[in-house]
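Coordinate inspection notes
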Amino acid sequence: MIKAGVIGYPISQSKSPKIHGYWLNRYGIKGSYTAMAVPPDEFAHTIDKLAADGFTGFNVTIPHKQAIIPFCGVLTPNAQKIGAVNTVFIRNGILHGDNTDAFGFTQNLDEKQPNFDWTAGPAVVLGAGGAARAILYALEQSGVSQIYLANRTKAKAEELAAAFPKVRVVDWERRSDVLENINLLVNTTALGMVGQEPLTIDLAALPAAATVYDIVYSPLITPLLAQAKEKGCTVVTGIGMLLHQARPGFQGWFGTKNLPEVTAELEELLLKN
Ligand code: ATR
């Protein structure tokens, strides 16, 4: 029995057990994927225990994505540049820390819009939290030549601009003024999520040829995406990013030849509850 799982605190909100459970079943693999609620003071002890118990790896979620770094003997370039780990592979007792959020972000758009040209123009990114960092990395890796970054707390955007040379910081209040000629608009903030205020932005200057990508997936069509659709823009929902980021972990832990597939059935399963 191959063992993997996810560590977070709290953990009940995690959709990862459902995703990996679906794939274990689909590919007929004798394995388990367990959700583990681990408070910070039990973190070190739990990591040692998982390795001793024969886990082949695990996902790490809030609040441990940075705390795991000192435990990793190896960090992938993605994890180093993003400064956070969400996927760990245990090989010969050594923890290999990876970050698959950038992969998830890029794969989702490439799959939904196979003709999307990342280099066709600048991108605008809203928000400067953990997700934004992975997305800036993904955009730079995909060859986006210029990225405008707006965040309510400007200092956080400036910190990211120092790490990513293609980024130019824009005042949060001016977020509607940089949309002319852009190719891609990405919301990485929590705005628009159930229970949060909607994201307010004036899309008048946004070209109809632009793509709008919201990483919020509850609701699937956020007020931002609804507004963008009305303009005739292509929209990309956030559920796919969550699904795609899970693929490299599954392949590594359970030893499948190929990355597991993101199917419509899996997407529906996650959206149901
Ligand atoms: P994640 O890891 O999902 O990116 P996070 O690190 O908590 O989560 O980041 C949340 C992002 O949403 C931040 O960019 C935050 O802006 P601040 O840096 O100013 O906090 C943004 N955000 C949350 N609530 C917001 C609001 N009401 N208005 C504008 N931005 C908001």
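Higher on the page you've got the structure.
Since the structure is predicted, the reported quantities are computational estimates derived from the model, not experimental observations.

In this section: the sheet that holds strand β8 (residues 147–151). The strand order across the open sheet built from 6 strands is β9-β8-β7-β10-β11-β12, with neighbouring strands paired in parallel fashion. Pairing within the sheet leaves two strands with one partner each, and these edge strands are β9 (167–171) and β12 (234–236). Direction aside, neighbouring strands of the sheet carry axes that sit 20° apart on average. Bridge count for strand β10 (residues 184–187) against strand β11 (residues 211–214) is 4 bridges, and the pairing is parallel.

Residue position: Asp98 is located in strand β6 (residues 94–98). At a separation of 2.8 Å, a polar atom in the side chain of Asp98 contacts the side chain of Thr76. Contacts of Asp98, omitting those with residues within four sequence positions, involve Thr76, Asn78, Ala79, Ala84, Val85, Asn86, Thr87 and Phe89.

Looking now at the site of the ligand. In the neighbourhood of the ligand, 13 residues make up the surrounding shell, with Ala128, Asn151, Arg152, Thr153 and Lys156 lying closest. A distance of 3.1 Å separates an oxygen atom of the ligand from a polar backbone atom of Ala131. With respect to the ligand, the side chain of Lys156 contributes an N or O atom lying 2.8 Å from an oxygen atom. In the complex, 69% of the free accessible area of the ligand, which totals 640 Å², lies under the protein chains. Its atoms largely coinciding with the cavity grid, the ligand occupies the second largest pocket. Partitioning the shell around the ligand into residue classes produces 5 nonpolar, 6 polar and 2 charged.

This part takes up the packing of aromatic side chains. Inspection of every chain in the model, using the stated rule, returns 10 aromatic pairs. An angle of 85° between the planes, with centres 5.5 Å apart, marks the rings of Phe43 and Phe71 as edge-to-face. Note that Phe43 is positioned in helix α2 (residues 43–52) and Phe71 in the loop between β3 (57–60) and β4 (74–75), a separation of 28 residues in sequence. Classification of Phe71 as partly exposed rests on a relative accessible area of 30%. Between Phe105 and Tyr213 the ring centres are 4.4 Å apart and the planes differ by 10°, which places this aromatic pair in the stacked class. Separated by 108 residues along the polypeptide, Phe105 in helix α4 (residues 101–112) and Tyr213 in strand β11 bring together distant segments of the chain. Residue Phe105 is classed as buried on the basis of its relative accessible area of 0%. Tyr213 sits in the buried class, given a relative accessible area of 0%.

Quick notes on the rules
- Residues numbered from 1 in each chain as written.
- Predicted model: local features only at pLDDT ≥ 70, side-chain atom pairs only at ≥ 80, totals over all residues.
- Heavy atoms only, no water.
- Pairing = 2+ DSSP bridges.
- Helix = DSSP H or I, 4+ residues; strand = E, 2+ residues; numbered from the N terminus.
- Axes fitted to C-alpha atoms, helices over the stretch in contact; angles between N-to-C directions.
- Polar contact = N/O pair within 3.5 Å; in protein donor to acceptor, adjacent residues only side chain to side chain.
- Contact = heavy atoms within 4.5 Å.
- Near = heavy atom within 4 Å.
- Areas by Shrake-Rupley, 256 points an atom, 1.4 Å probe, with all protein chains shown as cover.
- 1 Å grid on protein atoms, 1.4 Å probe; cavity = no way out; pocket = protein on both sides within 12 Å on 5 of 7 lines; lining within 4 Å.
- Sits in = over half its atoms within 2 Å of the grid points.
- Nonpolar A, V, L, I, M, F, W, Y, C, P; charged D, E, K, R; others polar.
- Phe/Tyr/Trp six-rings, centres within 6.5 Å; stacked < 30°, edge-to-face > 60°.
- Buried < 20%, exposed > 50% of the residue type's maximum accessible area, 1.4 Å probe, protein only.

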